[in-house]
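# Observations on the three-dimensional arrangement
Take a look at the letters that make up each chain.
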Amino acid sequence: MTTLTEGTLVAAPIRVALVDDHRMILGALTEWIRSTADDISVVAAVPTWPELLTHPEFPVDVVLLDLDLKDNLPVALKISTLKTTGVRTVLMSTYSEPNVVREALGAGALGYLVKSEPVEMIIEAIRAAAKGESFISAELDLALNASDIGGAPKLSAQERRVMALYGGGEPVKAVAYQLGISEETAKSYLKRIREKYRVAGIDVGTKVALRRRAIQDGILLQDGAPGSF
């Protein structure tokens, strides 16, 4: 979404609502996001599902939703309700049961994070959801794809972009600049990428090995140009 300011198109902030029945987590997340991401506006922070639906700022762009609100409402119903109002969902949980993750993704959630994720990863998940892209924490992704050992791991669109730029010869600082993320976030992506390949039985510990694998998996072309995302 963009707005016109003095003849210049300016991207409007992503309007986000947080839903978590632990008020301390709710408050901390609100402050972290507000102090870290200028492009995200936390317009609602509520402890219950009904309070989200009746909030004056609803519907929003993205809802960061606690998986277990202890209200006995199926998460698939919540995700479906949000989808019908044009809201995208990123789920948070303290655990990573693969069957629960699959159910949530099948219902239409675009993101799934464990609460121990760094706040920068939470912010990236919100940004990805706002663009209609999926974002799953590295821990959950590994759990979901544990049976696919030996094959190429599933990378998110942003992970593929990072791998293409870094494998193509760019230093981490340049990768971060080109993707509009911090250098620490870029490093976190590289760590996630290497861990996913490691679990799949593939060593991309060096930049040369990562480049070779990026070419092999179609993420990077032989001439150094990025593949399709």
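Structure shown above.
In this report, the structure presented in the accompanying data block is examined. Given the structure is predicted, the values throughout are model-derived calculations rather than measurements.

## Focus on the overall build of the protein
Regarding its fold elements, the protein presents 10 helices and 8 strands. When the accessible area of the protein is evaluated, it comes to approximately 11300 Å², of which 54% is carbon and sulfur surface.

## Thoughts on helix α8 (residues 172-179)
Looking at α8, one finds that the buried residues are Val172, Ala174, Val175 and Ala176. Summarising the contacts, the buried residues of α8 are in contact with α7 (157-167) and α9 (183-199). Among the residues trailing α8, Gly180 stands out with phi positive, at a value near 70°.

## Remarks on the environment of Val87
Within the secondary structure, Val87 is located in the loop between α3 (75-84) and β6 (88-93). In this view, Val87 contacts Phe58, Pro59, Val60, Asp61, Val62, Val63 and Leu82; residues no more than four positions away in its chain are not counted.

## Some remarks on the layout of surface pockets
Estimated volume of the largest pocket: approximately 450 Å³. Taken together, 24 residues make up the lining of the largest pocket; nearest its centre are Ile14, Asp39, Arg127, Ala130 and Lys131. Sorting elements by how many residues they give to the lining of the largest pocket places helix α5 (residues 119-130) first, with 4 residues. When the residues that make up the lining of the largest pocket are grouped by side-chain class, the tally is 12 nonpolar, 3 polar and 9 charged.

## Some details on the nonpolar core
Among the nonpolar cores identified, the biggest contains 45 residues, and Leu18, Ile40, Leu64, Ile126, Met163 and Tyr197 are the most heavily contacted of them. Among all residues touching Tyr197, those that are not within four sequence positions of it are Pro153, Leu155, Met163, Ile202, Val204, Arg213, Asp217 and Ile219. Counting residues in each nonpolar core, the second largest holds 22 residues, with Val46, Val75, Val101 and Ala109 among its members.

## A few points about the packing of aromatic side chains
Summed over all chains, the structure comprises 1 aromatic pair. On the basis of an interplanar angle of 75° and a centroid distance of 6.4 Å, the ring pair of Phe135 and Tyr189 is categorised as edge-to-face. Here the residue Phe135 occupies a position in strand β8 (residues 135-136), and Tyr189 occupies one in helix α9, the gap between them amounting to 54 residues. In this structure Tyr189 comes out as buried when scored by relative accessible area, which is 0%. Its end group placed over the ring of Tyr166, Lys207 keeps NZ or CZ at 4.3 Å from the ring centre.

## A look at the pairing of strand β4 (residues 40-46)
Along any regular strand the residues' side chains alternate between the sheet's two faces. In this structure, strand β3 (residues 14-19) lies alongside β4, joined through 6 bridges in parallel fashion. Looking at β4, one finds that Ala17 is bridged to Ala44. In this fold, the crossover linking β3 to β4 by way of helix α1 (residues 23-36) has right-handed handedness.

Parameters at a glance
Residues numbered from 1 in each chain as written. Predicted model: local features only at pLDDT ≥ 70, side-chain atom pairs only at ≥ 80, totals over all residues. Heavy atoms only, no water. Helix = DSSP H or I, 4+ residues; strand = E, 2+ residues; numbered from the N terminus. Areas by Shrake-Rupley, 256 points an atom, 1.4 Å probe, with all protein chains shown as cover. Buried < 20%, exposed > 50% of the residue type's maximum accessible area, 1.4 Å probe, protein only. Contact = heavy atoms within 4.5 Å. 1 Å grid on protein atoms, 1.4 Å probe; cavity = no way out; pocket = protein on both sides within 12 Å on 5 of 7 lines; lining within 4 Å. Points joined across faces, edges and corners; volume = space filled by probe spheres on them. Nonpolar A, V, L, I, M, F, W, Y, C, P; charged D, E, K, R; others polar. Core = buried A, V, L, I, M, F, W, Y, C linked by side-chain atoms within 4.5 Å. Phe/Tyr/Trp six-rings, centres within 6.5 Å; stacked < 30°, edge-to-face > 60°. Lys NZ or Arg CZ within 6 Å of the ring centre and 35° of its normal. Pairing = 2+ DSSP bridges. Right-handed = clockwise from strand over helix to strand, strands pointing away.

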